[in-house]
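# Structural description and commentary
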Amino acid sequence: MRAISIWSPILLAGLLCAALFPAGPTAAGSAAVAAYVFHRSWSAAGDQLRFPRGLAVAPDGDLYIANGDLHRIVYVRRGDRTFSVLASFGREPGEFDSPGDIALDTAGNLYITDTGNHRVQVLSAAGQFIRQWGGLTNTGEAGKFKYPQGIVVDPAGFVYVVDTYNHRIQKFTLDGQYRSQWGSQGSGAGQFSYPEGLAR
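What you see is a predicted model, and the numbers here were worked out from it, not measured in a lab. (Residues numbered from 1 in each chain as written. Predicted model: local features only at pLDDT ≥ 70, side-chain atom pairs only at ≥ 80, totals over all residues. Heavy atoms only, no water.)

Moving on, we get to the pairing of strand β11 (residues 148-153). Most of β11 is tucked away, with 6 of its 6 residues classed as buried. By the bridge criterion, 4 bridges tie β11 to strand β12 (residues 158-163) in an arrangement that is antiparallel. By the bridge assignment, Pro148 is partnered in β12 with Asp163. Counted between consecutive antiparallel strands, the loop separating β11 from β12 contains 4 residues, among which Gly157 sits at a positive phi close to 90°. (Buried < 20%, exposed > 50% of the residue type's maximum accessible area, 1.4 Å probe, protein only. Helix = DSSP H or I, 4+ residues; strand = E, 2+ residues; numbered from the N terminus. Pairing = 2+ DSSP bridges.)

This is the structure:
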């Protein structure tokens, strides 16, 4: 599998917190610019985090982390920063092989790219399995994947998945119904070469 970018747990959490807690605007001449300051960092006891790859922030400030190297989904409660594992390694529903990224819908459900199993899985906020879709394709079959990584849920209720090794983005409904796709391998307009991330 092709190497992907990884961050240390402390640096990843620190960058997130720096973005979440702005210090407020400051004046630079006549132009006001937003200044950001570091808020806090943390690490997990017992090696609960190793090479985290993606995370999602719930409206209440809780964190969900795709801990790729340990094949886990880790939940971090905001109030006391308690770490708990919602899912672990395997190929059965609710288990993961190198999870890549996480997105939340308006109901608080987790949409997770299960990279090594070539699928998307949906879990409740408590870690209960809801549904999955995908499967391996080497030919670009619609609705299937090869090492998917980034994932986003938009306000209209569509799920966008970065299908990394098929060099494309795919669009689905919340229940996994395929809608459309774009991209192909190359360096031209509208083409990709192993895309990894996606922003809403």
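It is worth spelling out the environment of His167 at this point. Within the secondary structure layout, His167 lies in the loop between β12 and β13 (168-173). When the C-alpha positions of His167 and Phe192 are compared, they lie 5.3 Å apart, and in sequence the two are 25 residues distant. There is a polar contact of 3.3 Å between the side chain of His167 and the side chain of Gln185. (Polar contact = N/O pair within 3.5 Å; in protein donor to acceptor, adjacent residues only side chain to side chain.)

One pass over the structure, following the stated rule, counts 7 aromatic pairs. Seen from their ring centres, Phe145 and Phe172 are 5.7 Å apart, and the 55° between their planes marks the pair as tilted. Taken together, the positions of Phe145 in the loop between β10 (129-134) and β11 and Phe172 in strand β13 put the pair 27 residues apart, joining distant regions of the chain. No difference in accessibility class separates Phe145 from Phe172, as the two residues are buried. Through a chain of ring-to-ring contacts, three or more aromatic side chains come together here, namely Trp133, Phe145, Phe172 and Tyr178. (Phe/Tyr/Trp six-rings, centres within 6.5 Å; stacked < 30°, edge-to-face > 60°.)

Core analysis: the biggest nonpolar cluster contains 13 residues, and Tyr64, Ile73, Ile102, Leu110 and Ile112 have the highest contact counts within it. For this core, the elements supplying multiple residues, two or more each, are β4 (63-67), β5 (72-76), β7 (99-104) and β8 (110-114). Among residues more than four places away in sequence, those in contact with Ile73 are Ile65, Ala66, Ser84, Val85, Leu86, Ala87, Phe96, Pro99, Ile102 and Ile112. Judged by nonpolar contacts, the second largest core, of 11 residues, contains Tyr111, Val122, Phe145 and Val161. (Core = buried A, V, L, I, M, F, W, Y, C linked by side-chain atoms within 4.5 Å. Contact = heavy atoms within 4.5 Å.)

Below, the discussion takes up the pattern of salt bridges. Counted according to the given criterion, the structure contains 5 salt bridges. One salt bridge in this structure joins Arg77 and Asp80, with 2.6 Å as the shortest N-O distance. With relative accessibility at 40%, the residue Arg77 sits in the partly exposed group. A residue is classified by how much of its surface remains accessible, and Asp80, at 42% relative accessible area, is partly exposed. (Salt bridge = Lys/Arg side-chain N within 4 Å of Asp/Glu carboxyl O.)

To continue, consider the sheet that holds β8. Pairing in this open sheet of 4 strands is antiparallel, and the strands run β7-β8-β9-β10 from one edge to the other. Unpaired on one side and paired on the other, β7 and β10 mark the two borders of the sheet. Here the strands of the sheet are splayed against their neighbours by 20° on average, with no regard to which way each runs. (Axes fitted to C-alpha atoms, helices over the stretch in contact; angles between N-to-C directions.)

Okay, the sheet that holds strand β6 (residues 83-87) next. The strands making up a sheet associate through backbone hydrogen bonding, with each pair oriented either parallel or antiparallel. In space, the 4 strands of this open sheet follow the order β3-β4-β5-β6, with antiparallel pairing throughout. Two strands close off the open sheet at either side, each with one partner strand: β3 (52-57) and β6. Between one strand axis and the next, the sheet turns by 25° as a mean value, whatever way the strands run. Taken together, the 4 bridges between β5 and β6 define a ladder with antiparallel strand orientation. The residue of β6 that forms the bridge with Val76 is Phe83.

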